[in-house]
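These are the residues of each chain, in order.
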Amino acid sequence: MAWKVDYKCQQVFRIAVLIQLVALALSNEKEHQNEFLCRRCGETIANHQQLSHYTSPLAVDTWNATLLGVPRVNVQLFENPQKQRFNVVTFTTANIHAHEEAYSEASWYPGNAWRICTCPQCKTHLGWKFQPVNFNHVTHSEEDTFVGIILDRLIEEKQGDSILYVPNSYKS
Ligand SMILES: [Zn+2]
């Protein structure tokens, strides 16, 4: 029966090697991810592929910055009627919770209504989802919408690593 034990040992060894290779591949991939996390809780909010420029004529100021390793990303400064100011970066979509109610008053994007967006994990207000004023799922699709996120409420993953970062796998 000895050969059977050897065979089992070999199988276990092979599986162990395979697991190590997969773990190595995953950790390498993680290093090369360019993602924004919620500054408060570390939830993944958006990646560099979701960055997209939506220029508003109502921005108080606008400039370019290198974000997530992407050069010349457009940042816009907006002011709301309460005189609060926000540095906003726009994305096609993001991992955010958009609240139901849409408002067209005081919109920074004429023709678009806005919905409050919060972090799906810690509920911090992160920004706004913009959609055509007459948006409905019959005549429009999600491609007609975009999100503006407050830059100061995000943190790049590489910075997050050294400050406070709880990997998703450790969260309940
Ligand atoms: Zn959060």
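Preceding block: the structure.
The notes below deal with the structure included here. Since the structure is predicted, the reported quantities are computational estimates derived from the model, not experimental observations. (Residues numbered from 1 in each chain as written. Predicted model: local features only at pLDDT ≥ 70, side-chain atom pairs only at ≥ 80, totals over all residues.)

### As for the overall build of the chain
What counts, and what does not: Counting from the N terminus, the helices are DSSP H or I runs at least four residues long and the strands are E runs at least two residues long. Residues with at least 20 neighbouring C-beta atoms inside 10 Å of their own are called buried, those with 12 or fewer are called exposed, and the rest are partly exposed, where every C-beta is derived from the backbone. Throughout, a pair of residues is in contact if the C-beta atoms placed from their backbones lie within 7 Å.
Scanning the chain from terminus to terminus reveals 2 helices and 10 strands. Going from the N terminus to the C terminus, the chain shows its helices and strands as α-β-β-β-β-β-β-β-β-β-β-α. Counting all 172 residues of the chain, 23% fall into the buried class. For the chain, the proportion of contacts with a sequence separation of at least 24, taken over those separated by at least 6, is 48%.

### Digging into the sheet that holds strand 2 (residues 44-47)
Where we set the bar: Here, any two strands with at least 2 DSSP bridges between them count as paired. Every axis in this analysis is a line fitted to C-alpha atoms, fitted for helices over the stretch in contact. Angles between the N-to-C directions lie between 0 and 180 degrees.
Read across the open sheet, the 3 strands follow the order 2-1-10; overall the sheet is antiparallel. Since the sheet does not close on itself, it has two edges, and those belong to strand 2 and strand 10 (154-156), each with one partner. For this sheet, the mean angle separating the axes of adjacent strands, direction not counted, is 35°.

### Some remarks on unusual backbone geometry
Of note, Leu68 is a non-glycine position whose phi angle comes to about 55°, a positive value. In this structure, Leu68 sits in the loop between strand 3 (61-67) and strand 4 (70-79). Despite not being glycine, Lys123 shows a phi value in the positive range, around 70°. By the secondary structure assignment, Lys123 is in the loop between strand 7 (112-118) and strand 8 (125-132). With 12 C-beta atoms counted inside 10 Å, the residue Lys123 sits in the exposed group.

### What about the sheet that holds strand 6 (residues 97-98)?
Overall, antiparallel pairing links the 7 strands, which are arranged 3-4-5-9-8-7-6 in an open sheet. In this open sheet, the two edge strands, each paired with only one partner strand, are strand 3 and strand 6. Sheet topology places strand 4 next to strand 5 (residues 85-91); 5 bridges connect them, and they run antiparallel. For Gln76, the partnering residue across the bridge sits in strand 5 and is Val88.

### Notes on the pairing of strand 4
The pairing of strand 3 with strand 4 spans 6 bridges and is classified as antiparallel. Directly across from Ala65, in strand 4, lies its bridge partner Val73. Hairpin connection of strand 3 to strand 4: 2 residues between the antiparallel strands, including Leu68 at a positive phi of 55°. Hairpin connection from strand 4 to strand 5: 5 residues lie between these consecutive antiparallel strands, with Lys83 at a positive phi of about 70°.

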